[in-house]
Amino acid sequence: MTFHEFGFKERLIEGIEALGYSTATPIQEQAIPAILAGKDLIGSAQTGTGKTAAFLLPIIQKIIYIPTDDAIKALVIVPTRELAMQIDQQMEGLSYFTSVSSIPVYGGTDGASFSRERQALSNGADMVICTPGRMIAHLNMGYVNLSSLRYLILDEADRMLDMGFYDDILKILSYVPAERQNLLFGATMPKEMRDLARKILKNPVEINIAVSKPAENILQFAYVVYDAQKISLVQYLLKDIKLRSILIFCSTKSQTKQLSAALKKLKLNAEEIH
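Residues numbered from 1 in each chain as written. Predicted model: local features only at pLDDT ≥ 70, side-chain atom pairs only at ≥ 80, totals over all residues. Heavy atoms only, no water.

### A short note on the sheet that holds strand 5 (residues 151–154)
(1) Moving on: Strand order across the open sheet formed by seven strands is 3-4-2-5-6-1-7, with parallel pairing between neighbours. With partners counted over all chains shown, the strands left at the sheet margins are strand 3 (102–105) and strand 7 (205–209), one partner each. If you compare each strand with its neighbour and ignore which way they point, the axes differ by 10° on average.
(2) Moving on: Pairing of strand 2 (residues 74–77) with strand 5 involves four bridges; the strand directions are parallel. Residue Ala74 lies in a different strand from strand 5, and its bridge partner there is Tyr151. (Pairing = 2+ DSSP bridges. Helix = DSSP H or I, 4+ residues; strand = E, 2+ residues; numbered from the N terminus. Axes fitted to C-alpha atoms, helices over the stretch in contact; angles between N-to-C directions.)

### Topic: the pattern of salt bridges
(1) Moving on: Under the counting rule described, the total for this entry stands at ten salt bridges.
(2) Moving on: Note that Asp126 and Lys73 form a salt bridge whose closest N and O atoms lie 2.6 Å from each other. Separated by 53 residues along the polypeptide, Asp126 in the loop between helix 5 (111–123) and strand 4 (127–130) and Lys73 in the loop between helix 3 (51–64) and strand 2 bring together distant segments of the chain. The exposure classification of Asp126 matches that of Lys73, with both residues buried.
(3) Moving on: We note a salt bridge from Arg194 to Glu206, for which the minimum N-O separation is 2.9 Å. Placement of Arg194 in helix 9 (residues 191–200) and of Glu206 in strand 7 is noted, with a sequence separation of twelve residues between them.
(4) Moving on: By relative accessible area, Arg194 is classed as partly exposed at 32%. (Salt bridge = Lys/Arg side-chain N within 4 Å of Asp/Glu carboxyl O. Buried < 20%, exposed > 50% of the residue type's maximum accessible area, 1.4 Å probe, protein only.)

### Here we look at the nonpolar core
(1) Moving on: Counting residues in each nonpolar core, the largest one holds 42 residues, and the members touching the most others are Phe3, Phe8, Phe55, Leu57 and Ile59.
(2) Moving on: In terms of residue count, helix 3 provides more of this core than any other element does, nine residues in total.
(3) Moving on: Here Phe3 is in contact with Phe8, Ile13, Ile16, Tyr21, Ser22, Thr23, Ala24, Gln28, Ile32 and Leu57, once residues within four sequence places are set aside.
(4) Moving on: Counting residues in hydrophobic clusters, the runner-up holds 35 residues, among them Ile72, Ile103, Ala157 and Leu161. (Core = buried A, V, L, I, M, F, W, Y, C linked by side-chain atoms within 4.5 Å. Contact = heavy atoms within 4.5 Å.)

### Points about the packing of helix 5 against helix 6 (residues 132–140)
(1) Moving on: The geometry of helix 5 relative to helix 6 is characterised by a closest axis approach of 11 Å and an angle of 65° between their N-to-C directions. For the pair helix 5 and helix 6, the crossing hand works out as right-handed. Residues Ser113, Phe114, Glu117, Arg118 and Leu121 of helix 5 form the contact with helix 6, whose participating residues are Arg134, Met135 and His138.
(2) Moving on: Of the residues contributing to the contact of helix 5 with helix 6, the split by class is three nonpolar, two polar and three charged. (Left-handed = near helix turned anticlockwise from the far one by under 90°. Nonpolar A, V, L, I, M, F, W, Y, C, P; charged D, E, K, R; others polar.)

### A short note on helix 2 (residues 26–36)
(1) Moving on: Residues of helix 2 that are buried: Ile27, Gln28, Ala31, Ile32, Ala34 and Ile35.
(2) Moving on: Where helix 2 is buried, its residues meet strand 1 (41–45), helix 3, strand 6 (181–186) and strand 7.

### Quick look at the side chain of Asn182
(1) Moving on: Positionally, Asn182 belongs in strand 6.
(2) Moving on: Beyond its immediate chain neighbours, meaning those up to four positions away, Asn182 contacts Asp40, Leu41, Leu152, Ile200 and Leu201.

### Focus: the packing of aromatic side chains
(1) Moving on: Under the definition given, this model contains four aromatic pairs.
(2) Moving on: The interplanar angle of 50° and the centroid separation of 6.2 Å between the aromatic rings of Phe3 and Phe6 together place this pair among those described as tilted. A single burial state applies to Phe3 and to Phe6, both of which are buried.
(3) Moving on: Between Tyr96 and Phe97, the aromatic rings sit 5.1 Å apart at their centres with planes inclined by 85°, giving edge-to-face as the arrangement.
(4) Moving on: Residue Phe97 is classed as partly exposed on the basis of its relative accessible area, which comes to 35%.
(5) Moving on: These aromatic residues form a ring-pair network of at least three members: Phe3, Phe6 and Phe8. (Phe/Tyr/Trp six-rings, centres within 6.5 Å; stacked < 30°, edge-to-face > 60°.)

This is the structure in structure tokens:
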């Protein structure tokens, strides 16, 4: 199914095509019609399945038809600042040719960033993409008005619950109207997420896409070794491999430095980031 078949406005189609999208992924095929129809939704889909666009595209489409005013219309709650930044970047690309505005709101920044967030929240951005703690900080100061909110999205809700954000989510929900469209997304569907869904969703459509499966075309291997053997194993695995680029994650700064030094001894072009 192509995005033209969903009936998106031309300005939104320009943004979709600019990002190289042509056909919808399975999660998009199932989620977009339900969201456009105004239904609540709970969806399970792994990273890399197009989940973010599955909720951004129809919400942008719906906001386009809302008369312009200084009100927050959609709130996306995510567990980490990295995900907030990622969604905001995708939102910027998809909505580039539309009048829909957005603002990322997350902690770990300076006072100037907080002031910019405050100004945007006071003036009313169409969509706010936030982490729970930072949003509560703004709500506690009294200038955020969520009374006109129409769409609430919890992305990676299972991860937020694992991180202990349950009470924070409920506090944010106490500020939003009872009448709204709710969307819940996660990679898994634990009991805690279903309990949360029962609290906030109304007759939701449920979508499950490749739950607990790796992304397509990715091979996964596990090697059980002692810590002292890890560097030697990586050296062995990379010695004759012919790939353009390789990304390796280590658990500590010292391990990162040790592995980088070992790979450089093999004449590999290795750099470390920590």
